[in-house]
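Coordinate inspection notes
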Amino acid sequence: METAFLQSVFFQNGILKILDQTKIPNVTEFLEITTIEDAWDAIKQLKVRGAPAIGIAAAYGLLLGIKNAPENSFDDFYIEFKKQADYLATSRPTAVNLFWALKRMDERAKKEKNQPVAKIKEALEEEAHLIRQEDEEVCRSIGTHALSLLKDGMGILTHCNAGGIATAKYGTALAPLYLAKEKGWNIKVFADETRPLLQGARLTTWELMQAGIDVTLITDSMAAMVMKKGWIQAVIVGCDRVAANGDVANKIGTYGVALLAKAHNIPFYVAAPLSTIDLDTKSGDDIPIEERDASEITEGFGKRTAPEGVKVFNPAFDVTPHELVTAIITEKGIIKGNYQVELPKLFQG
Ligand SMILES: CSC[C@H]1O[C@H](OP(=O)(O)O)[C@H](O)[C@@H]1O
């Protein structure tokens, strides 16, 4: 039986609706967003999060920003369009889906430039819905390809949340787990809590438990021990940007998990939609890494756990060198070997 998924981001009657992921697992609450400023804030505060979900939210948020854009000429409309798109682009720097979605909306606007502006706005809403719909199909396809790497009874470790709520549906790293469940497999998942924002503890365990999938919560520092105990046969994670050489930016802590997997001779898989592969970024050194507020570490979830004024380093992501990536699982298939050569082939027709 197919898993029932909660849609975490969608657009209805001119309103952007998002599942507020900062409230999970305690409250399942949808926000109704009617301004681009609130869309920007929802992305910044991780109320909507996960690379594909961020791209979808940005496409819908842009519709809110151009609602009252001038309709006398394309040129006047496009000045406002660019201003609003550039504003959304400042919300978070690492997940390339944000920029990929905004670029796709820009290309659609230019394609329709000879239409009356009212029609262009309709076409842009159609494009935003297409981005969401396609992501659903992409994630299901990633799940199907990833499933070929898994076996009934396996132990899987994952980091952060790359589940259905981080995408239009199914997720990326978690997609094969839902398909495995549909096949009646019993895969045992170990979810890193993923400090400091605990996407693993709060979101991944919540998603998998709802689906009846066997999940055990561990602290990030326990990953080495569970691997040493032989409980893990594969690691699968999501990503926020794959560089042209196969270096992968993902939630902070992923690089350490990749090193542990290598040390224990465990395959380390990255689930990546083509919308997260950025051939314009040469290597991981060129991926902008978001740094977030110190309070996420010193008083996470409102409880102070470090002295006032302590120095803090809070990068939201790290980069796993391509040498540690066993395979990149995309909607077009599983990529191994020389990523510099293999990744561009994904985009050739
Ligand atoms: C399916 S993309 C999931 C990816 O995004 C997360 O970052 P954030 O929670 O900050 O949006 C994390 O890196 C996940 O692997």
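The structure presented is a predicted model; accordingly, all values stated were derived computationally and were not measured.

Focus on the overall build of the chain
- On a plain count of helices and strands, the chain comes out with 11 helices and 14 strands.
- In the chain, 76% of the contacts between residues at least 6 apart in sequence involve partners at least 24 apart.
- Carbon and sulfur atoms provide 53% of the accessible area of the chain, an area that totals close to 14,800 Å².
- Of the side chains in the chain, 39 bear a positive and 46 a negative charge, and the two mean positions are spaced by 4 Å.

Description of the packing of aromatic side chains
- Applying the stated rule across the entire model yields 8 aromatic pairs.
- A ring pair is formed by F74 and F77, whose centres lie 6.2 Å apart and whose planes are at 50°; its orientation type is tilted. One end of the pair, F74, and the other, F77, are both in helix α3 (residues 74–88), 3 residues apart, so they sit about a helical turn from each other. Each member of the pair F74 and F77 is classed as buried.
- Arranged with centres 5.7 Å apart and planes meeting at 15°, the rings of Y78 and F81 form a pair that is stacked. Of the two residues, Y78 and F81 both sit in helix α3, 3 residues apart, roughly one turn of that helix.
- The class of Y78 is buried, set by a relative accessible area of 18%.
- Clustering of aromatic rings is evident, with ring pairs tying together F74, F77, Y78 and F81.

Here's the deal with the site of the ligand
- Taken together, 19 residues surround the ligand, and among them R49, R92, D240, N250 and K251 come closest.
- Interatomic distance of 2.9 Å between a backbone N/O atom of G50 and an oxygen atom of the ligand.
- Coverage of the ligand by the protein amounts to 100% of the 410 Å² it exposes when considered alone.
- Mapped onto the shell around the ligand, the elements with two or more residues apiece are α2 (51–65) and β9 (248–251).
- Of the residues contributing to the shell around the ligand, the split by class is 8 nonpolar, 7 polar and 4 charged.

A short note on the environment of T276
- Relative to the helices and strands, T276 is located in the loop between β10 (268–271) and β11 (277–278).
- Owing to a relative accessible area of 0%, T276 belongs among the buried residues under this scheme.
- Along the chain, T276 and N26 lie 250 residues apart, while their C-alpha atoms are 30 Å from each other.
- Not counting the four nearest positions on each side in its chain, T276 is found in contact with A51, V96, N97, C239, D240, R241 and V242.
- There is a polar contact of 2.8 Å between the side chain of T276 and the side chain of N97.

Some points on the UniProt feature "active site" (unreviewed entry) in the chain
- If you check UniProt for "active site" (unreviewed entry), the listed places come out as D240 in our numbering.
- Note that D240 resides in the loop between β7 (234–237) and β8 (241–243).
- The exposure class of D240 is buried, given its relative accessible area of 8%.
- The residues touching D240, leaving out its near neighbours within four places in the chain, are A51, T94, A95, V96, N97, A249, N250, K251, T276 and F317.

With respect to the pattern of salt bridges
- Under the defined criterion, the tally for this structure stands at 25 salt bridges.
- Close ionic contact of D20 with K23 constitutes a salt bridge, the shortest N to O distance being 3.5 Å.
- Taking the relative accessible area as the measure of exposure, D20 reaches 2% and is therefore buried.
- In this structure K23 comes out as partly exposed when scored by relative accessible area, which is 32%.
- Here E136 makes a salt bridge to R132, at a shortest N to O gap of 3.2 Å. In this pair, E136 and R132 are both assigned in helix α5 (residues 117–147), 4 residues apart and thus about one turn of the helix distant.
- Taking the relative accessible area as the measure of exposure, R132 reaches 10% and is therefore buried.
- Taken together, the shared-partner salt bridges connect R104, R108, E112, E126, E127 and E134 into one network.

Some words on the packing of α2 against α3
- Between α2 and α3, whose axes approach to 9 Å, the crossing angle comes to 135°. What the angle tells us is that α2 and α3 run oblique. The two elements α2 and α3 cross, and the hand of that crossing is right-handed. On α3, the residues touching A58, G61, L62 and G65 of α2 are E80, F81, Q84, A85 and L88.
- Across the contact of α2 with α3, the residue classes break down as 5 nonpolar, 3 polar and 1 charged.

Observations regarding the nonpolar core
- Membership of the largest hydrophobic core comes to 42 residues, with the highest contact counts inside it found for V9, L16, F77, F81, M105 and L124.
- Of all elements in the fold, only β1 (9–12), β2 (15–19), α1 (36–44), α2, α3, α4 (96–111) and α5 reach the threshold of two or more residues within this core.
- Sorting elements by how many residues they give to this core places α2 first, with 11 residues.
- Leave out the neighbours within four places in its chain, and L16 touches V9, F10, F11, L31, E32, I33, A39, A57, Y60, G61 and L64.

Things to note about helix α6 (residues 175–182)
- Counting buried positions along α6 yields 6 of 8 residues, so the element is predominantly enclosed.
- Among all positions in α6, only A175, P176, L177, Y178, L179 and A180 are buried.
- If you follow the buried residues of α6, they end up packed against α5, β4 (155–158), β5 (188–192), α7 (199–210) and β7.
- G184 sits one or two positions beyond α6 and adopts a positive phi of about 85°.

What counts, and where the lines are drawn
- Residues numbered from 1 in each chain as written.
- Predicted model: local features only at pLDDT ≥ 70, side-chain atom pairs only at ≥ 80, totals over all residues.
- Heavy atoms only, no water.
- Helix = DSSP H or I, 4+ residues; strand = E, 2+ residues; numbered from the N terminus.
- Contact = heavy atoms within 4.5 Å.
- Areas by Shrake-Rupley, 256 points an atom, 1.4 Å probe, with all protein chains shown as cover.
- Lys, Arg positive; Asp, Glu negative; His and termini not counted.
- Charge placed at Lys NZ, Arg CZ, Asp CG, Glu CD.
- Phe/Tyr/Trp six-rings, centres within 6.5 Å; stacked < 30°, edge-to-face > 60°.
- Buried < 20%, exposed > 50% of the residue type's maximum accessible area, 1.4 Å probe, protein only.
- Near = heavy atom within 4 Å.
- Polar contact = N/O pair within 3.5 Å; in protein donor to acceptor, adjacent residues only side chain to side chain.
- Nonpolar A, V, L, I, M, F, W, Y, C, P; charged D, E, K, R; others polar.
- UniProt positions renumbered as here; feature names shortened; annotations may be inferred.
- Salt bridge = Lys/Arg side-chain N within 4 Å of Asp/Glu carboxyl O.
- Axes fitted to C-alpha atoms, helices over the stretch in contact; angles between N-to-C directions.
- Parallel < 35°, antiparallel > 145°, perpendicular 65-115°, else oblique.
- Left-handed = near helix turned anticlockwise from the far one by under 90°.
- Core = buried A, V, L, I, M, F, W, Y, C linked by side-chain atoms within 4.5 Å.

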